[in-house]
Amino acid sequence: MASRFWTAGSDSDEEEVDASEEENSSSEEESSSSSSSSSSGSDSSSDSDSDSDSDSDSDSDDSDAPKKGAARFLAGSDSDSDSDEDRRVVLKSAKDKRFSELTDTCDEIRNKMKINDWSAIQGLFDELNKRLERARKVSEAVGTPRVYVRMCVELEDFLNDTLANKDLKKKMSSTNAKALNTMRQRLKKHNTSDEFAEAVTKFRENPQEDEEEEEEEEESSSSSSESDTDGEREETEKRPAGAAKKKDKLLTMDSAEITYEMVAKKLREIVTSRGRKGTDKQEQLREIVTSRGRKGTDKQEQVEMLQFLANVAKGVPQKLEVLLQLVGSLFDLSPGISNYMKVGLWKRCMLVMLEIMDTLQANEAIVLDDSAEPSEERTAEPVAGEDGKVRVWGNLVAFVERLDDEMFKSLQVIDPHTHEYMARLRDEPVFLALSQKVHDYLARIGDVRNQPKVALRLIEHFYYKTDAVYDAMRKLTMLQQEEAAASAAAHPEGAVAAASAAAETAAAANTSNEPGEEQTADDKVALPVPLDFSMDESSTAAMKRLVGIVFTHGDERAKARAMLCTIYHKALHGDFHSARDMLLMSHLQDNVMLMDISTQILYNRSMAQLGLAAFRLGLISEAHSCLQELYGSGHIKELLAQGMAMGKFQDKTPEQELLEKRRQMPFHMHISMELLESSCLISAMLLEVPAMASSPLSVKKRVISKSFHRILDTYNRQTFTGPPETVRDHIMAATRALMRGDWSGAYGAVSALTVWQLVPQRESVLDMLKKQLKEEALRTYLFSYSAQYRSLSLDQLCTMFEMDEKAVYSIVSKMMIAEDLHGSWDQPTRTIVMHSIEATKVQSLAGQFADKATLMVELNERAYAFRTGGLRDDDDMGGGGGGRRGGRRGQDGQWEDDGGHGGRGRGRGPRLGAARMGLGQGGQDFGGHRRGGGGGGRGDRGGFRASGFSSNMTSGLPDRFQRRGPYRQQANPNMQALGSISRPGGGVGGGPGGGSYNRPLGGDRRDRGL
Amino acid sequence: MASYELSSTLARFLDKHLCFPLLEFLQDKGVYNEEDIMRAKIALLQNTNMVDFAMDIHKELYQTDEVPATMMERRTEVVNRLRSLQKAVDPIIGCLSNSNVIRNFRHDRAFNLQFLKEEFDIGPEQIEALYQFSKFQFDCGNYSMASELLQAYKPLCTTSERNMSVQWGKLAADTLTQNYEAATEALLRLRESLDNQSFATPLMQLQQRTWLMHWSLHVFWNTESGKNALIDLFLQPAYMSAITINAQHLLRYLAAAVVVNRKRRNVLRELIKVIQQESYEYSDPITQFLECLFVHYDFDGAQQKLIECESVIEHDYFLTAIKSEFLESARLFIFETYCRIHQCINIDMLSERLNMDKEAAEKWIANLILSARLNAKIDSKAGTVVMGMQSSSMQESLAEKAKQLSVRTFTLANAVVGAPATKA
C-alpha cells in the first residue's frame, strides 16, 4: 500500500515538475495536471485494477472522478497479500504497458499530423507528456524514451513544414490555426528545455543508433526495410544529398533495418514482408479509388518508398508488383479529376510503364492479370502456376487508359499556341509505343476482353490524323528513336538504365520544395521511344488492323466508337462513299441519341468530316445534308466540343460548365469552324439560289436551308454593305452575284476566302467550286431571264459561262425534261427556242389565286359533305364520290404546291375516303336515309379528328349546314321527297366543329323534323 | 472486253452446276483461253460426282488416255456410294412410286411420317437416305431424277432448314433440266419462304437473297415473262438493298430488263437513281448508257456506250439472246428522249445517230408517226423533223381552272341553299 502510494506520489510529483519545467500557461495543461494530481490515488488504484486493461488512460482519467470514493475504498479494503500480488503484476506489466501507451499516443499524433488536425495534436501531446511521466515512473529510467524524443522531433519538423506551407495555413479553420500557434510555442519551449534539448540534438545527430536500440519497434517499420547487398545500398546513397536530408527519416530507417533484419531474419521473409507491407498500404488505395490511400498518407513518401523498393525488389514478379504500385501512387500524386497530371509526373509514369512492359517482354512466364489473387495474402514468392506462369495482380489497361486521359486533359488545358503544347504533342509517340506494347502483350496472353480497349485508345489517336500529320508523326518517332539509341550508346548501361536514372532525377526534383525548380526538372525528363516500336506505313493500315480487333472482340460502345472513328478517318481521306455506306449500314444515326455524350460528339465530328469530304468531292447536296443539321442548330461549337458558346439566354451552372470543359477537344483535333461554315453556306447557296430563281414568287415554298435564308434576309435588309470580311460576307456577296447569273463574281468572292488554305487539295476544290458555280449560275440565269428571250443560242451560253457545249447542253436538257425550262432545242440552228408559256407575274399570281380558291372550294365541299355524306354521288354508293375525291386529292400534285394545306389534304384524303365508304354501305343497307347521315357523321368525325382539321370552315357557314335536305336529294334521288321534308330544325348543329358531334344521330333529328 | 465479263463474279453466287452453262458459253465464245476454261471445268467437277465427265475433259485437255489416279479413286468411291445409297433408298422409292400412297399424304408432315412408319415400316433413316440420294443424283448430273426425288421428299422433311435446302435443290434441278415453268414455280416458293423465314440472321437473309437473284437469272432470262418478273423481284426493297450491298453487278441485268421491257418505263427513274448511287461501286456500258441518256443527256455518249453494250451483251450468257431487242429498244430510247427536248431535228443528223441511212431513217420516223407514237411532222424540203408541241398557254390553264371553280362552287351553292328547281 505504501509503495503504491509512493508511486502515486512520485507520479504527481514528477508531473508537477514536468509541468513547471514546461512553464506551460495553457489552462488545459493546468487543469489536467491538477486533476491528475488530485486524483493521483485513484489513478494508481485504477491502474492496479485494470492491469490487463488496454484502455487509453484518458478514459480512466475522466471516469475517475465519480468513481473516486469507491475506488479509494476499494483500494483501502484490499488485503496486504492481495496488494502485494497486485503490485508484482503491475510492476511487471507496467513497463511494457507504459511504453505501448506511449507508442500508441505517438502513432495517434502521427495520424493526426497526416490530417493536419492541430487541436487534436495539442490534446494528444498533453496526454503524451502525462504518459511519459508515468512511463518514467514505472520504468524508473533516468533518460527519456526514444519514442518520445522521436515524436518530439517529428512534431517539430512537421510543425515547421506546416508553417512553411502558407496555403495550408490559410485553409485551416480558426480553431485549428489557434491550436497550431499554441503548439508552436509549446514545442519551442519544450524542445529547447534542458531536459529534452540534449536528447533531441542527440537524436537528430544519430537517429539510426537510437532506433537500432529500439527493440520494441514493431515490424511495421520494416516496411521500409532494406536489402542486404552493398550494390543496392549504394544506389540508395546515390540519391542527391538534398533529398536524403529531408527524407532521411525514411531512408535512414531503412538502412537501419537492413542491419536489423539481416541479423534477424532470412532474406526471403524480409522481402515478402516488405512486399506485403508495400501492398498493404496500397491495397486500400486500390479499393478507394476516389480518395486513394489513407487520408493524409504522404503520397510523396510512398512514391519514394516504392521507387526505392523497385530497385531492391527481389525477383521479377515482385519487382513488377512494386512497379505497378508505383504507377498507382504516381497517379495519386496528381490531384482530382478536374486538374491534369503534371507533365513530369506523367512522364515518370510512362517510364515506369515502359519498364513494366520491358520486364513483361523479357519474362514471358509472368502474366499480369487483374483477376489474379492480390499479392497481399502471399507470404512466399509467388510460385509458378500449373501452366508455368506466374500471375501477378495488375491492370495495365486501366493504367494506359488513365495515362491517355491525363494526356488528353493536359492538352485540353495547355494553351495551344504555346511551345508547351507542341512539346506535349511530342510525347504522343511514346504513348503510342506503350499502348502498342500493351496491346501486343494482351494479344500474346490472349486477353480479348481488354485488347479492344487498348486498340480503341490507339484508334482514337489515329483517326483524326491526315496522312501528312501521320507521316510527320512517324518521322518524329523515328527521330526520337534515333536519339534514344544515341543516348543509349553514350550510356553504357543501356537505355533502360538511362531511363531509370532519368526517373531518379525526376523523383529527386519532385521532392524538392520549390515548385518552380520541380517544374523545370520535370520537363527535362527524357522520354525515349522504345526502339522496337514502329508505326504502320500508313494510318489507313493502322486503322484497319485496330478496327478489326475492336469489331471482333469489343463491346457495343467500343464498336460504335471504332465505327465512327473509321468513318471520320475515311471521310478525312476523301473516301466519302464507303464512309457513308458504313454510317448507313451501321444504323448509328438511329441510336446515337442513346449513347454517351462523348460518343455523340464523336458522331457529330464524323458527320462534319463526312460533310467536308462530300464537299471536297463536289457532292453538294450530300455535303449540305451532312452539315446542315450541325450548322443550322446554332450550337455547332458545343456539338463538336470545340469551344463554349456564350449563350445570351442560357445560364449554365458552374457544374455544367465544368462538365462541358471536360468534354472539349484538344486543339490539334479540331475541325476548322470556318471551313465548316464556308462549306455549309456554299452548299446551301449552290442549292438555294437556283431554287429561289425558279420560283421567285413563292419563296417559302421549300426552304432548303433555313439558316442561309436567315443570313440572306439580314444582308438584304442592310442599307450599306461594305466589302466582305467574314465568311458570311463573302458568301453573301457570292450569292448576290450568283443570283444575277454572274458566276465569275461569285467565284471571286468565294475563292477570296482564306479557309481554302486549310484544304489539302486546294486546287481541285476551287476547280470544283468554279464548275459548280458556273452550272448553278447557268441554271439561275435561265430561270430568271428565259422569259425575256424568244430564243437563246447555245454558243452564246457557252461563252457566257465559259463552259463547253456538252455541259451546257446537258444542263439545259435536264431542265427541259424536268419542265423547269419551257423551251426546246432547235437542232439545225443550235438554239433554244422558248415556248411562250412562261407565265408573267400576273399570270402566275392568278394561277396561285386560282389554286387557293380551288382549295377553298374543296374545303367547303368537304365540310359540307362531312355534315351530310357526299356531294357528288352519282353512283349507288352513298359516299363513293367522296371517297374518290379524297383519293384524288391525295394524288393530285397541285395540292401539294399549296404548302401546309396540301400536305394535310394528302394525309386526309384516304382516311376521309374510307369514312365515306363506310357511310355508303350504311346508306345502302338501311334504305339510305335513316342511318346514312348518322353513319356519315360518325365516319367523318373520325377522319377529322385524326387529321386535326380545325373547324374554321364549318364556322364560316354554320346555319347553311343545318339544312341538308336538298343535298341529300342529290345524293340519292329516290329520297327526294323525304329529304325536302326532313329539313332538321335550326340550331341543332350550329356550333362549329365539336358541337356538331354532340348532336343526336341523323335519324333522330329526322324524326323530329318529320 | 473481259473487263466487263461477269462470269467470275457471278460464279461466286451460283451453284457449281449452275456455273457449268456459263463455262460452256464462254468456251463457245472464246473469250478466254480454252485450256483455262477446261481446267476450270475440271476444278468445278472435282467436287461433284460427274467423274466420267471430268475424265473426258481431262483427256481432251491433255490429249491423253491417261487419267490421274485420284480421279479413278474418286470414281470407285462414287460408285460405291451410289450402291449403298441405292440400297437404302429402294424401299421408300418403291413405296412412294405407288400413287395411292401419295394420295394419302396430307399437309401434316408428322402425319405423313407416322403413316409411312405404320404402313410400310419406313423410318427416318430411309427418309434421310432419300434426301441424300437425291443430292447424290444431283451431283451426278442426273437433274430430272433429283428433281423428282426432291418432290417426293418434300412432304416428308421435318426441319425448316432441310426444307430450305430442298427448295434450293428443286430450283437448281429444274433450272438445269430447263424445265423453266417448274423452276419459276420453285423460285416463287423459295422466295416466299425466304421472306417468311424468321430464324435467319440478317446476314444470312442477305446472302440467300443474293443467291436467289443470281440463280433466278437462269430462269428469268429464259422465260417469256421473266423480264417482268426480274424487274419485280429486283426492285423489291429487300432485294434492292441486297443488290446495293452485295451484288451491284446485278444492276446490269436489271437495266437490260428495263430497257427491253417497254411496259416498265415507270421504273426507269428508280433504276437510274440506284445506278447513279452505285456508280462508284459498279458501272458497265449498259448502266453507263442509261446514265448518259437520262442523267447527262449526252446523246453522243449514249451512242458510244451503245456500241460498247453490243459487245458486252454478246459475251454475256444471259443477255446474248436479247441483243437485237436491246439495241432496238435502246435506239428508241435515245430517239424518244431526243425528241422530247427538240422541236426541230435534222434528218441527216438523226440518221447518223440512229446508224441508218437517210431513207431508212425517214421511213422509220414516218412509221413512228403513223403508229401514233410520235407527234411530229417531216419537213422534207428542209430535211427536218418538226415536233408537234402540245404546250398549253398559261392563260388557257387559268381559264380552265376558273371554269372548274365556278362549276364546283355552283354545285356547292346549290347544295347548300337548295336548288330552286327542287324547292318544294
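Everything here concerns the structure above.
Cut-offs and rules
Residues numbered from 1 in each chain as written. Chains lettered and ligands numbered in written order. Predicted model: local features only at pLDDT ≥ 70, side-chain atom pairs only at ≥ 80, totals over all residues. Heavy atoms only, no water. Helix = DSSP H or I, 4+ residues; strand = E, 2+ residues; numbered from the N terminus. Buried < 20%, exposed > 50% of the residue type's maximum accessible area, 1.4 Å probe, protein only. Contact = heavy atoms within 4.5 Å. Areas by Shrake-Rupley, 256 points an atom, 1.4 Å probe, with all protein chains shown as cover. Axes fitted to C-alpha atoms, helices over the stretch in contact; angles between N-to-C directions. Parallel < 35°, antiparallel > 145°, perpendicular 65-115°, else oblique. Left-handed = near helix turned anticlockwise from the far one by under 90°. Nonpolar A, V, L, I, M, F, W, Y, C, P; charged D, E, K, R; others polar. Salt bridge = Lys/Arg side-chain N within 4 Å of Asp/Glu carboxyl O. Core = buried A, V, L, I, M, F, W, Y, C linked by side-chain atoms within 4.5 Å.

Novice: Is there a simple way to explain the overall build of chain A in this structure?
Specialist: In terms of regular secondary structure, chain A is built from 50 helices and 5 strands. Put simply, chain A has 1010 residues, and 49% of those count as buried. Considering only contacts within chain A whose residues lie at least 6 apart along the sequence, 72% involve residues at least 24 apart. Accessible surface for chain A amounts to roughly 48,200 Å². Of this, 53% is attributable to carbon and sulfur atoms.

Novice: What should I look at first to understand the packing of helix α16 (residues 268-277) of chain B against helix α17 (residues 285-296) of chain B in this one?
Specialist: The description of two helices packed together rests on the angle between their axes and the distance between the axes. All names here are of chain B. Relative to each other, α16 and α17 sit at 115°, their axes nearing to 10 Å. In terms of orientation, α16 and α17 fall into the roughly perpendicular class. Our pair here, α16 against α17, has a crossing hand that is left-handed. Residue-level contacts link Leu 268, Leu 271, Ile 272, Ile 275 and Gln 276 of α16 to Thr 287, Leu 290, Glu 291, Phe 294 and Val 295 of α17. Of the residues in the contact of α16 with α17, the class split is 7 nonpolar, 2 polar and 1 charged.

Novice: Is there a simple way to think about the pattern of salt bridges in this case?
Specialist: Pairing is possible between side chains that carry opposite charge, provided their charged atoms lie close to one another. Considering all chains together, one arrives at 39 salt bridges over all chains under this definition. Of the charged contacts in the structure, one is a salt bridge between B:Asp36 and B:Arg39, with a shortest N-O distance of 3.2 Å. Separated by 3 residues within a single helix, B:Asp36 and B:Arg39 lie in helix α3 (residues 34-46), roughly one turn from each other. Exposure remark for B:Asp36: the relative accessible area of 41% places this residue in the partly exposed category. In this structure, B:Arg75 engages B:Asp52 in a salt bridge whose closest nitrogen and oxygen atoms are separated by 2.6 Å. With B:Arg75 in helix α5 (residues 69-96) and B:Asp52 in helix α4 (residues 51-62), this pair connects stretches of sequence that are 23 residues apart. The exposure class of B:Arg75 is partly exposed, given its relative accessible area of 33%. Among the ionic contacts, a cluster of salt bridges with common partners joins A:Glu401, A:Asp404, A:Asp405 and A:Arg457.

Novice: What should I look at first to understand the nonpolar core in this one?
Specialist: Across soluble globular proteins, nonpolar side chains have a tendency to be buried as a group. By size, the foremost hydrophobic cluster in this structure holds 286 residues, and its most contacted members are A:Ile356, A:Trp756 and B:Phe326. Per-element tally for this core: the top contributor is helix α33 (residues 673-694) of chain A, with 11 residues. If we skip the residues at most four places from it in the chain, B:Phe326 touches B:Ala256, B:Val259, B:Val260, B:Ile286, B:Leu306, B:Cys309 and B:Ile313. A:Leu132, A:Val147, A:Cys152 and A:Ala179 belong to the second-largest nonpolar core, a separate cluster that totals 23 residues.

Novice: What is the right way to look at the environment of A:Leu753 in this model?
Specialist: Note that A:Leu753 resides in the loop between α36 (743-751) and α37 (762-785). With residues near it in sequence (within four places) discarded, A:Leu753 still touches A:Ser678, A:Ile682, A:Val727 and A:His730.

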